[in-house]
Amino acid sequence: MATERLLWTPERPTLIDADIEVTHGTDSDRVSSYLGLRSIEVRDGQLMLNGRPYFLRMVLEQGYWPQSQLAAPDPAALRTEVELIKELGFNAARIHQKVEDPRFLYWCDRLGLAVWGEMANAFAYSARSCELLLHEWPAVLRRDRSHPSILGWVPINESWGVTEISEHPAQQDFATAMYYLTKAIDPTRPAMSNEGWEHTESDIWGIHDYTPSGDGIRARYSDQALPRTLTDRGPGRRRILVGDRENRGQAVMITEFGGLSYAPEVGQHWFGYSTVTSEAEYLDRFEDLVTAITEQPALMGFCYTQLTDTLQENNGLLHADRTPKLPVERIRAVVTTPAKAIPAEEVDSYRRAAQERRLHGPAGA
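Model, not experiment: these values are computed from the prediction. (Residues numbered from 1 in each chain as written. Predicted model: local features only at pLDDT ≥ 70, side-chain atom pairs only at ≥ 80, totals over all residues. Heavy atoms only, no water.)

### Regarding the pairing of strand β10 (residues 204-208)
Two faces make up the sheet, and in a regular strand the side chains alternate between them. Counted residue by residue, β10 has five buried out of five residues, so it is predominantly covered. The pairing of β10 with strand β11 (residues 251-258) spans five bridges and is classified as parallel. Bridge pairing in β11 links Trp 205 to Val 252. (Buried < 20%, exposed > 50% of the residue type's maximum accessible area, 1.4 Å probe, protein only. Helix = DSSP H or I, 4+ residues; strand = E, 2+ residues; numbered from the N terminus. Pairing = 2+ DSSP bridges.)

Structure follows, in structure tokens:
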């Protein structure tokens, strides 16, 4: 138990202070930092955090502020963003189409929020776009791989920059190369070749599914239906797997879903995957979708689209100014719905850790 208390989790984000001094003769140099101890792997269809099955409850985070765009308006906003995501009940954020500010990742380490690191992608495939991504992505990995909060890497999202990957072997080879490059630089974390659909080599098969109802989730991701969903045409008429992919026990997650646009006023400008017109309908639809996912034993996590309204995308749980569209406690109750993929004893363990943190604060932080 003593050793376990040293391990980093979102529920108990234990950090260890580190002071390093290098001396050479009479010269010396010293740096102070911190480290987090934890393991993350995919095994037998499960995501394992510190050797235990772990269900990711992610929210899509584009990190956009109306007053300052892709840069936070001030340093305090980065901490507040992490605190708000956790208050809503999520244990992770999927950073989307940007490389996030290291100060945001610092607060994820300190406060306990898991992260998927993602790269901004090209619009079209070319030799030049391949060269740029191959040059820039390793720099991202080197900069951020020391953060214990980062649990996964996404170099390509939704076939951006490899738009013909399903038919073109060269684009498949490039996505596969990005997976192996990521694993070569950082073998300690899961990596995805092409998040959302048309995976080549991936440790997690993330699926983007904007079905408007929980019944659509149940029809595609039950134990009986999942093999066909993975191999036939999936959501949006996209194949989830490209080529002859070996089943190595990859975990399956719905890594974008929902996208509900709340438009209570007729004619209100909106953009979403489906629309709700009242608070009651919003909560019912949100709960229906999340519950349908947590009911499926084969699914190890989800990522709801999205945290905030962003420009024309009026489908956030929060307005662009970070005010919630639903009572925070109602959102949290839905987000934290128990998942069948996680044994009951593991759920109790996470709950005890979270309660201890609320009472005593994060150990070692």
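### Examining empty space enclosed by the protein
Here the structure, examined in full by the defined rule, presents one cavity of 30 Å³ or more. The volume enclosed by the largest cavity comes to roughly 60 Å³. In terms of lining, the largest cavity is formed by Ile 95, Lys 98, Val 99, Glu 100, Leu 105, Val 115, Gly 117, Glu 118, Val 140, Asp 144, Ile 150 and Trp 153. Mapped onto the lining of the largest cavity, the elements with two or more residues apiece are β8 (114-118), α3 (127-144) and β9 (150-154). Of all the elements, β8 adds the most residues to the lining of the largest cavity, at three residues. Each residue belonging to the lining of the largest cavity can be placed in one class, and the counts come to seven nonpolar, one polar and four charged. (1 Å grid on protein atoms, 1.4 Å probe; cavity = no way out; pocket = protein on both sides within 12 Å on 5 of 7 lines; lining within 4 Å. Points joined across faces, edges and corners; volume = space filled by probe spheres on them. Nonpolar A, V, L, I, M, F, W, Y, C, P; charged D, E, K, R; others polar.)

### Some thoughts on the layout of surface pockets
Approximately 440 Å³ is the volume attributed to the second largest pocket. Residue lining of the second largest pocket: 26 residues in total, with Gln 62, His 96, Glu 256, Tyr 273 and Glu 313 positioned closest to the centre. Residues of the lining of the second largest pocket, tallied by class, amount to 10 nonpolar, 10 polar and six charged.

### Overview of helix α7 (residues 279-294)
For α7, with 16 residues, the first-to-last C-alpha span of 22 Å sits near the 22 Å given by 1.5 Å per residue. Residues of α7 that are buried include every one of Tyr 282, Leu 283, Arg 285, Phe 286, Leu 289, Val 290, Ala 292, Ile 293 and Thr 294, and no others. (Expected span 1.5 Å × (residues − 1).)

### Description of the packing of aromatic side chains
Scanning the model with the defined rule gives 12 aromatic pairs in all. Aromatic pair Tyr 125 and Phe 174: ring centres 6.3 Å apart, planes at 70 degrees, arrangement edge-to-face. Residue Tyr 125 is located in the loop between β8 and α3, and its partner Phe 174 is located in helix α4 (residues 169-185); the two are separated by 49 residues in the primary sequence. By relative accessible area, Phe 174 is classed as buried at 10%. Ring plane angle 75 degrees and centroid distance 5.6 Å describe the contact between Phe 257 and Phe 302, whose orientation is recorded as edge-to-face. Of this pair, Phe 257 sits in strand β11 while Phe 302 sits in strand β14 (residues 299-305), and the two are 45 residues apart along the sequence. Residue Phe 257 shares its accessibility class with Phe 302, and that shared class is buried. (Phe/Tyr/Trp six-rings, centres within 6.5 Å; stacked < 30°, edge-to-face > 60°.)

### Quick look at the state of the cysteines
Using the criterion set out here, one finds zero disulfides in the structure. Here Cys 303 is not cross-linked by a disulfide; its sulfur's nearest cysteine counterpart is in Cys 108, at 13 Å. Residue Cys 303 is classed as buried on the basis of its relative accessible area, which comes to 0%. (Disulfide = S-S within 2.5 Å.)

### Description of helix α5 (residues 214-221)
Two residues of an α-helix separated by three or four positions point the same way, owing to the 3.6 residues in each turn. Listing the buried residues of α5 in full gives Gly 214, Gly 216, Ile 217 and Tyr 221. Burial along α5 is one-sided: seen end-on, the buried residues are contained in an arc of 155 degrees. Along α5, the residues that are exposed and aim more than 90 degrees away from the buried face are Asp 215 and Ala 219. Elements that come into contact with the buried residues of α5 comprise β10, α6 (226-231), β11, α7 and β14. (Arc of directions from axis to C-beta. Contact = heavy atoms within 4.5 Å.)

### Some details on the nonpolar core
In terms of nonpolar packing, the biggest core is built from 86 residues, with Leu 56, Phe 90 and Phe 286 touching the most fellow members. At seven residues, the largest contribution of residues to this core is made by α7. (Core = buried A, V, L, I, M, F, W, Y, C linked by side-chain atoms within 4.5 Å.)

### Here we look at the pattern of salt bridges
Close approach of charged atoms lets side chains of opposite charge pair. Across all of its chains, the model carries 23 salt bridges by this definition. In this structure, the salt-bridge partner of Arg 94 is Glu 195, at a minimum N-O distance of 3.4 Å. Of this pair, Arg 94 sits in strand β7 (residues 92-95) while Glu 195 sits in the loop between α4 and β10, and the two are 101 residues apart along the sequence. We note that Arg 94, like Glu 195, is buried. Where salt bridges share partners, they join Arg 94, Glu 118, Glu 195 and Glu 256 into one cluster. (Salt bridge = Lys/Arg side-chain N within 4 Å of Asp/Glu carboxyl O.)

### Concerning the sheet that holds β8
Spatially, β9-β8-β7-β6-β14-β11-β10 is the arrangement adopted by the seven strands of the open sheet, whose pairing is parallel. Taken across any chain shown, the strands that pair with only one partner, and hence form the sheet edges, are β9 and β10. The average angle at which neighbouring strand axes cross in this sheet is 20 degrees, direction not considered. Note: β11 against β14, four bridges, orientation parallel. Bridged to Ile 254 within β14 is Phe 302. Against the sheet, α7 engages β6 (56-61), β11 and β14, with an angle of about 155 degrees to β14. (Axes fitted to C-alpha atoms, helices over the stretch in contact; angles between N-to-C directions.)

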